[in-house]
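# Fold and contact review
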Amino acid sequence: MESFCGSRFWDSNISVHTDNPDLTPCFQNTILAWIPSIYLWSILPFYLLYLKRNKRGYIVLSMLSRLKTIFGVLLWCVCWADLFFSFHELLQSKALPPVYFVTPLVLGITMVVATILIQYERLRGIQSSGVLIIFWFLSVLCAVVPFRSKIIAATTQGQTEDRFRFATFFGYFALILIELILSCFKEKPPFFSPINTDSNPCPELNSGFLSRMTFWWFTRMAILGYKKPLEDKDLWSLNEDDTSSVIIKQLQKEWDRQKITLKQKEEVAYMKASNHVLNHVGDGPEEAECLIRDKKQNTEPSFLKALLRTFGPYFLMGSFYKLIQDLLSFVNPQLLSVLIGFIKNKDAPSWWGFSIAAMMFFAALLQTIILHQHFQYCFVTGMRLRTGITGMIYRKSLVITNSAKRSSTVGEIVNLMSVDAQRFMDLMTFLNMLWSAPLQICLALYFLWQTLGPSVLAGVAVMVLLIPLNAAIAIKTRAFQVEQMRYKDSRIKLMNEILSGIKVLKLYAWEPSFEEKVLEIRKNELHVLKKAAYLNSLSTFAWISAPFLVALTTFAVYVSVDERNILDAEKAFVSLSLFNILRFPLNMLPQVISNLAQTSVSLKRIQQFLSHDELDPNCVETKVITPGCAISVTNGTFSWAKELKPCLKNIDLLVPTGSLVAVVGHVGCGKSSLVSALLGEMEKLEGQVAVKGSVAYVPQQAWIQNATLKDNILFGQQHNEQKYQSVLDACALKTDLEVLPGGDHTEIGEKGINLSGGQRQRVSLARAVFSDADVYLLDDPLSAVDSHVAKHIFDNVIGPEGALQGKTRMLVTHSITFLPQVDHIVVFVDGKISEMGSYQELLKQNGAFAEFLRNYALDEDLAEDELTMLEDEEVLLAEDTLSNHTDLADNEPVTNEVRKQFLRQLSVISSERECPSKMSTRRRVSEKKAAEPPLLQKNLTEKLIQAETTETGTVKLTVFWQYMKAVGLMTSLVICFLYGCQNAAAIGANVWLSDWTNEPVINGTQHNTSMRVGVYAALGLLQGLIVLLSSFTLAMGGINAARTLHATLLENKFRTPQSFFDTTPTGRIINRFSKDIYVIDEVLPPTILMFLGTFFTSVSTLIVIISSTPLFAVVIIPLAVVYFFVQRFYVATSRQLKRLESVSRSPIYSHFSETITGTSVIRAYGRGNSFILLNDVKVDENQKSYYPSIVSNR
């Protein structure tokens, strides 16, 4: 190197052992000058690859860009001016070392590359370049030493020897300083980038590199949150990459790829096995085929691979930051060793101490910045995972078969979306510890070996012995997790059923018995939770004791193996700092393994659900159909599940376009199943089904959304006032609108709670009529309405003169009154079509239809009119009614026969007219018009379903007090006392160790080592024992609180008036019983443990520092004031964001529960995509408050 530079490369007398340090010219011209170039050339290939794959549009050439480019060109000129000056001196026969040619050449080329990169970044839409900011910062940092050296040399000598290079260097220094300052400013947003139409876009996307690294872009929201409680309107929109539409699309693509891959593998395996069977004819081919099919049924596509491929690359960015942070964490122990050496050395120059302290500060600062970047990537990955999983589950729930619905209830699916998706989020935070913990442990042990030698192997042995214990705890935790989730699913399922039928429960006063059922399941759940909590306490004891046991065994072996091994301050405290680094990975690794075990259970549950069979969208043909027919079924055999017996057999049906077909039969004969088969809701075992055009479906149980009455009718269709009014008229809804508080803008409660059964059915029918479909499938829509309303609906909607005339209508009905007016009648008996034909034809056959008439004719009218008294004029009214219901010629014998039969029935009933308490049909008919009032009367301006409210301001002390009471006041005091004792023992151990290191060395040895080791061990084991006790006590307290709070919540809900359930979405209540109870069960106890640990550790640290350095007490007061204000400033925003996130979560579950109950209607109308979009919007609304909350934690 000396021949390359022409001078010495390193001289410790100049650089280290002096009061005025400096670096040699050779070192300055080589290493210092090359560091920025090495950095840029190393990172350039990766950065160019990133720029090539990511283009946000180009940025117009601004003044900032022009200035950066001009100064970049000037830098290149300055560098190469040095190069040409060296050639000039060479031509003048002046011998120069190679460094004067190489360094200017390297720097010049680097400056050209940096200048070109400035323009390339502009063309790729980069507003602020982190790569170049670091490059210019390194350039300035490395130029500071030569800058100082040249000034000192010029002032001491009074003149400079090499004026040209002196001038060019100062020009170079000024230019790189200007470039650094300019690069801190960001460019304008790029052109041709996707237009952001959001009124309140997130500033992160357009923030500069330094703003992103320090999260300065979030300051605006933090200030706003401090000034006033944040509201929804204050929240920023999500970044595009975090939205449901982008994330779920990517995840769905990867999941589909996994399914295709599995299918291909199975086909190959099946072909191979088939070939094998063909080659060995006598081996029983049937048996081989069965084996293959069984294997196929047990195999599921890997959801884990889909998740890794979707979210892995982004997560790896966080892993990279974690690697840098891990390496930086070992810098401070080495600097501590140097600092202790500096304090011991009385002759050391003072600048050593300042330099070491400055390096320790900057290492810690850099470590903090990088750590928070790592956490940001982890949390965002977790957030995206939850979005993706929720979206996938929602989409799957719209298409799963009926057999799958039996194995996955609404409660279970809600748990998948809430608890299981949450586990993935929680795991992401510390997932990197799987590789980071072993790396940190290995590095710590390496440095400990350097300090204490082979004695560290004793510590390694302790760690190895602890691994089986942690593994056993993790395995057992997983088993408990599976069992607990089973109970949780049962509880949520039962709660869902209770809330669905709460009106019936209250009517029959069944609350106590159902409360007992829920509490029984809860008791079992808490029993498992208690076992898991005790196991976690044991795990906590192992975590906290592990670093101490490692330190104890290492120190004990170190001083025991050789009397000359002296435990001085440097060895003890450098070792302790390394043991403290060991503490985190040793603590976290078992916890992460445990979380991984829990998440694997959740992964299996989600994968199992996503692998359920889906309804075949092609089982009903919509394009190719028999000419002139709207519905065609050929040799159709259907069942509700593949493994169940068929409930419809050998169905052959042709429905002409534009006809009205009635489907009749006894209860349970398969009428509704036929409608489901035509909708593709059933498993088609044999045959072909075809339905021409769009379909409208009116189910037997009307499905009503929690929306306005108008929105329920429009159902996503474009509004047409004239058509809308005619539909209201036809469906007899006009009179209802007059009594509803807000007319058609009245909000309908969940499941149509504030409408009567008849009103719900008419709204459902109005939705079908407004849809203007080609085929109408009407599953007994007249059963829930009164007879006069049924007549009105048939005449104005379904019948030959109704609004649907000319449309194909299939009407499932029990009412015989309207049968003479239909074109065709299909009679079902035990899942088969027994007869088909017109009314007259079937009457002549005197078969199943005639029997149906005999069974239903008298029953229907007796049921309808048993409480009426008919006058003579009412018989005439009945005749008029019959004439309105028939469009057949009066001279036809069949019609006359029906008329006579109908009048005979009326005359039978009229004989009961003597009863004075009975009222006339006419009066009853007139009063029936207003017989269906809304169940809830509200003001026009008042919404039925109120938005969930949030608390504002600080968390009230009563909340903490309530939790303390639930835990138990005495238990709470004992927990605090035990944590105080634990920290007292820890302080005692460290004070004892400090005293041990100060013990004088006599003849190269320390005395009383056995006593020292014994007391140190006793204090450490006492700390471990107290930890175990406090963990057990906290676990008991947490379980008591969980039991008390759940029981109180359940009791309160069972005693809440019915009006509360009418105006509160089920999803909101389920959210309380699922997510919020999960927080009380499993999140609060560890959080309290963490808080108490941190609080008492902080207090004990302050006590130790003040006792050793009393002057520090003066600094504590202003620091405490600053900390208090910073905490208040931060907590105000963070707390409110958490509240907003909690409130915006409930609508996701409400919407999901609503969707599950109406999947058949949604599919029939082809509204699946609209509901998926609505779910995505609700999830995004929730993430809008979650994202800033994770940023506020940084």
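Residues numbered from 1 in each chain as written. Predicted model: local features only at pLDDT ≥ 70, side-chain atom pairs only at ≥ 80, totals over all residues. Heavy atoms only, no water.

### Examining the overall build of the protein chain
- What the protein chain contains, in helices and strands, is 41 helices and 12 strands.
- Taking all 1194 residues of the protein chain together, 50% fall into the buried category.
- Carbon and sulfur atoms form 63% of the exposed surface of the protein chain, whose accessible area is close to 57800 Å². (Helix = DSSP H or I, 4+ residues; strand = E, 2+ residues; numbered from the N terminus. Buried < 20%, exposed > 50% of the residue type's maximum accessible area, 1.4 Å probe, protein only. Areas by Shrake-Rupley, 256 points an atom, 1.4 Å probe, with all protein chains shown as cover.)

### Observations regarding the packing of aromatic side chains
- A full pass over the atoms with the stated rule returns 41 aromatic pairs.
- Between Trp76 and Trp80, the ring centres sit 5.5 Å apart and the planes meet at 50°, which makes this aromatic pair tilted. Residue Trp76 and its partner Trp80 are both found in helix H4 (residues 63-91); the two are separated by four residues, about one turn of the helix.
- An angle of 90° between the planes, with centres 6.4 Å apart, marks the rings of Trp80 and Phe84 as edge-to-face. Of this pair, Trp80 and Phe84 are both found in helix H4, four residues apart, which corresponds to roughly one turn of the helix.
- Clustering of aromatic rings is evident, with ring pairs tying together Phe147, Phe166, Phe169, Phe170, Tyr172 and Phe173.
- Stacked on the ring of Tyr487, the Lys or Arg Arg486 has its end atom at 5.8 Å from the ring centre. (Phe/Tyr/Trp six-rings, centres within 6.5 Å; stacked < 30°, edge-to-face > 60°. Lys NZ or Arg CZ within 6 Å of the ring centre and 35° of its normal.)

### Re empty space enclosed by the protein
- Scanning the model with the defined rule gives five cavities of 30 Å³ or more in all.
- By volume, the second largest cavity amounts to about 130 Å³.
- Considering the residues around the second largest cavity, the lining is formed by 16 residues, among which Lys68, Ile118, Glu121, Ser129 and Leu132 are closest to the centre.
- For the lining of the second largest cavity, the residue count by class is six nonpolar, five polar and five charged. (1 Å grid on protein atoms, 1.4 Å probe; cavity = no way out; pocket = protein on both sides within 12 Å on 5 of 7 lines; lining within 4 Å. Points joined across faces, edges and corners; volume = space filled by probe spheres on them. Nonpolar A, V, L, I, M, F, W, Y, C, P; charged D, E, K, R; others polar.)

### Section: the sheet that holds strand S7 (residues 775-779)
- Strand order across the open sheet formed by six strands is S6-S7-S8-S4-S9-S10, with mixed pairing between neighbours. Two strands in the sheet have a free side with no partner beyond their single neighbour: strand S6 (695-698) and strand S10 (832-837). Taking the axes of each pair of neighbouring strands and ignoring which way they run, one obtains an average angle of 15° across the sheet.
- Helix-sheet contacts for helix H27 (residues 787-798) involve strand S4 (660-665), S7 and strand S8 (808-812), and the interaxial angle to S8 is about 160°. (Pairing = 2+ DSSP bridges. Axes fitted to C-alpha atoms, helices over the stretch in contact; angles between N-to-C directions. Contact = heavy atoms within 4.5 Å.)

### Considerations on the environment of Ile625
- Looking at where Ile625 falls in the secondary structure, it is placed in the loop between strand S1 (620-621) and strand S2 (629-639).
- Between the C-alpha atom of Ile625 and that of Lys692, which follows or precedes it by 67 residues, the distance is 6.8 Å.
- If we ignore the near neighbours within four places in the chain, the residues touching Ile625 are Ala630, Ile631, Ser632, Ala690, Val691 and Lys692.

### Some words on the environment of Asp82
- If you trace the backbone, Asp82 turns up in helix H4.
- Residues Asp82 and Gly108, 26 residues apart in the sequence, show an inter-C-alpha distance of 9.5 Å.
- Setting aside its immediate chain neighbours within four residues, Asp82 contacts Pro104, Phe164, Arg165 and Thr168.
- Polar side-chain contacts of Asp82 include one of 2.8 Å to the side chain of Thr168. (Polar contact = N/O pair within 3.5 Å; in protein donor to acceptor, adjacent residues only side chain to side chain.)

### Description of the pairing of strand S9 (residues 824-829)
- As paired strands, S4 and S9 are joined by five bridges and run parallel to one another. If you follow Val661 over to S9, its bridge partner there is His824.
- Sheet analysis places S9 next to S10, joined by five bridges and oriented antiparallel. The partner of Val829 across the bridge, within S10, is Lys832.
- Linking S9 to S10, which pair antiparallel, is a turn of two residues; within it Asp830 sits at a positive phi near 50°.

### A word on unusual backbone geometry
- Phi at Phe715 takes a positive value of approximately 50°, unusual for a residue other than glycine.
- Mapped onto the secondary structure, Phe715 falls in the loop between helix H23 (709-714) and helix H24 (721-730).
- Accessibility expressed as a relative area gives 5% for Phe715, which makes it buried.
- Positive phi is not limited to glycine here, since Asp772 has a value of about 55°.

### As for the sheet that holds strand S5 (residues 683-691)
- The strand order across the open sheet formed by four strands is S1-S5-S2-S3, and the pairing between neighbours is mixed. Each end of this open sheet is capped by a strand with a single partner; those strands are S1 and strand S3 (648-656).
- Looking at chain direction, S2 and S5 are connected through seven bridges and run antiparallel. Counterpart to Ser632 in the pairing with S5 is Ala690.
- The strands touched by helix H22 (residues 671-678) are S1, S2, S3 and S5; relative to S3, the strand with the most contacts, the crossing angle is about 70°.

### Topic: the side chain of Thr1133
- By the secondary structure assignment, Thr1133 is in helix H38 (residues 1112-1143).
- From its side chain, Thr1133 meets the backbone oxygen of Ala222 in a polar contact 3.1 Å long.
- What Thr1133 contacts, discounting residues up to four positions off in sequence, is Phe218, Met221, Ala222, Gly225, Tyr226 and Leu230.

### Describing the nonpolar core
- By size, the foremost hydrophobic cluster in this structure holds 139 residues, and its most contacted members are Phe303, Leu777, Leu819, Ile825 and Phe849.
- With nine residues, the single largest contributor to this core is helix H16 (residues 410-430).
- Setting aside chain neighbours within four positions, we find Phe849 in contact with Val664, Leu819, Ile825, Val827, Glu835, Tyr839, Leu842 and Leu843.
- Membership of the second largest hydrophobic core comes to 34 residues, among which are Leu445, Phe548, Phe579 and Tyr1016. (Core = buried A, V, L, I, M, F, W, Y, C linked by side-chain atoms within 4.5 Å.)

### Things to note about the packing of helix H37 (residues 1066-1108) against H38
- Where H37 contacts H38, the two axes come as close as 15 Å, and the packing angle between them is 170°. The angle between H37 and H38 falls in the class roughly antiparallel. Of H38, the residues touching H37 (which contributes Asn1071, Arg1072, Leu1102, Ile1105 and Ile1106) are Phe1112, Ala1113, Ile1116 and Ser1142. (Parallel < 35°, antiparallel > 145°, perpendicular 65-115°, else oblique.)

### Overview of the packing of helix H3 (residues 25-53) against helix H6 (residues 130-157)
- Look at H3 against H6: their axes get within 9 Å of each other, and the N-to-C directions meet at 175°. With respect to H6, the element H3 is oriented roughly antiparallel. Contacts between H3 and H6 involve Gln28, Leu32, Ile35, Pro36, Ser37, Tyr39, Leu40, Ile43 and Tyr47 from the former and Gly130, Val131, Ile134, Phe135, Leu138, Ser139, Cys142, Val145, Pro146 and Ser149 from the latter.

### Focus on the side chain of Asp779
- Residue position: Asp779 is located in strand S7.
- Here Asp779 sits buried without a salt bridge, and the closest side chain of opposite charge, Lys671, lies 7.3 Å off (N-O distance).
- Separated by 2.9 Å, the side chains of Asp779 and Ser672 make a polar contact.
- Sequence-distant contacts of Asp779, defined by excluding residues within four places in its chain, comprise Ser672, Tyr697, Val698, Pro699, Gln700 and Val812. (Lys, Arg positive; Asp, Glu negative; His and termini not counted. Salt bridge = Lys/Arg side-chain N within 4 Å of Asp/Glu carboxyl O.)

### Here's the deal with the confidence of the model for the protein chain
- Chain-level statistics for the protein chain give a pLDDT mean of 78 and a share of 86% at 70 or above.
- Counting interchain partners and residues more than four positions distant, the pLDDT-below-50 stretch residues 281-297 has seven contacts.
- Taken as a whole, residues 862-942 scores under 50 in pLDDT and shows 104 contacts with residues more than four places along the chain or in a different chain. (pLDDT = per-residue confidence, 0-100.)

### Some points on a nonpolar patch on the surface
- There is a patch of nonpolar side chains on the surface, built from Tyr226, Ile1117, Val1121, Phe1124 and Phe1125 and spanning about 530 Å² of accessible area.
- Along the chain, Ile1117 falls in helix H38.
- Judged by its relative accessible area of 58%, Ile1117 falls in the exposed class. (Patch = residues over 30% accessible without salt bridge, like charges linked within 9 Å, V, L, I, M, F, W, Y side chains within 5 Å.)

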